[in-house]
Amino acid sequence: MKTAKTQTRILVEGALMIALTLVLSYVKIFDLPYGGSISLEMIPLVLMSFRNGTKAGVLTSFAYSILGLILGFSNVMYCPTLFTQFACIMLDYVLAFTVLGFSSFFAGLFGEKKGLGVVMGSIIVCLLRFVCSYISGAWLWGAYMPDTFSNVWWYSFVYNGSYMFPNTIIVAVAAGLLYRYAPKFFQRKA
């Protein structure tokens, strides 16, 4: 059973990770014209999950998704119907970021190979986020497809992959290096 002190520490850590994620979302290595960027934004959310478990990771990631939705709500207005606006909210914000909180769950599937689990957990949640963006890109944003493409699914794969695959590498490398050189960061405190 968690003590009040532990719960307070997790709450404060979650708030700090949300703030760090928000700051990092504005520091972009590369920014695409219709949304999406290469940044360090996902690292704090993934680390929150590794450090405090799946429940804390999912709650922190969900809270960030709501903050991101509020700050980027004007994007939703480009969707013509209430249904597509709801789909945009779910795919581009809520699900896309909340899945990052499951990184410790997926890392746990690798048992005693904790370093491999950290890297693979990071990769899996980033790929899940890519799937959300991929579906959204083809289904909701296909109208913005340039004439050089003839298939919205291929366009969405190329467009979203152009920033999500580099982001996946960044997150996996950062988490792996941190695990290797600062393993105490990953030890849960009681």
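Residues numbered from 1 in each chain as written. Predicted model: local features only at pLDDT ≥ 70, side-chain atom pairs only at ≥ 80, totals over all residues. Heavy atoms only, no water.

## Topic: the nonpolar core
So, step 1. Within the largest apolar cluster, 32 residues are counted, with the highest numbers of intra-cluster contacts made by Phe50 and Leu100.
So, step 2. Sorting the residues of this core by element identifies α1 (4-25), α2 (43-52), α3 (54-71), α4 (82-98), α5 (103-108), α6 (114-139) and α7 (152-181) as the ones contributing at least two each.
So, step 3. Beyond its immediate chain neighbours, meaning those up to four positions away, Phe50 contacts Ser103, Ser104, Ala107, Val118, Gly121, Ser122, Ala175, Phe186 and Arg188.
So, step 4. Core analysis: the second largest hydrophobic core is formed by eleven residues, Cys88, Ile89, Leu91 and Trp141 among them. (Core = buried A, V, L, I, M, F, W, Y, C linked by side-chain atoms within 4.5 Å. Buried < 20%, exposed > 50% of the residue type's maximum accessible area, 1.4 Å probe, protein only. Helix = DSSP H or I, 4+ residues; strand = E, 2+ residues; numbered from the N terminus. Contact = heavy atoms within 4.5 Å.)

## Overview of the environment of Lys114
So, step 1. Relative to the helices and strands, Lys114 resides in helix α6.
So, step 2. Judged by relative accessible area, Lys114 falls into the partly exposed class, the value being 48%.
So, step 3. Taking C-alpha positions, Lys114 is 9.9 Å from Gly176, a pair spaced 62 residues apart along the chain.

## As for the side chain of Glu41
So, step 1. Mapped onto the elements of the fold, Glu41 is located in the loop between β2 (37-39) and α2.
So, step 2. Although buried, Glu41 forms no salt bridge, and the nearest oppositely charged side chain, Arg129, lies 4.4 Å from it. (Lys, Arg positive; Asp, Glu negative; His and termini not counted. Salt bridge = Lys/Arg side-chain N within 4 Å of Asp/Glu carboxyl O.)

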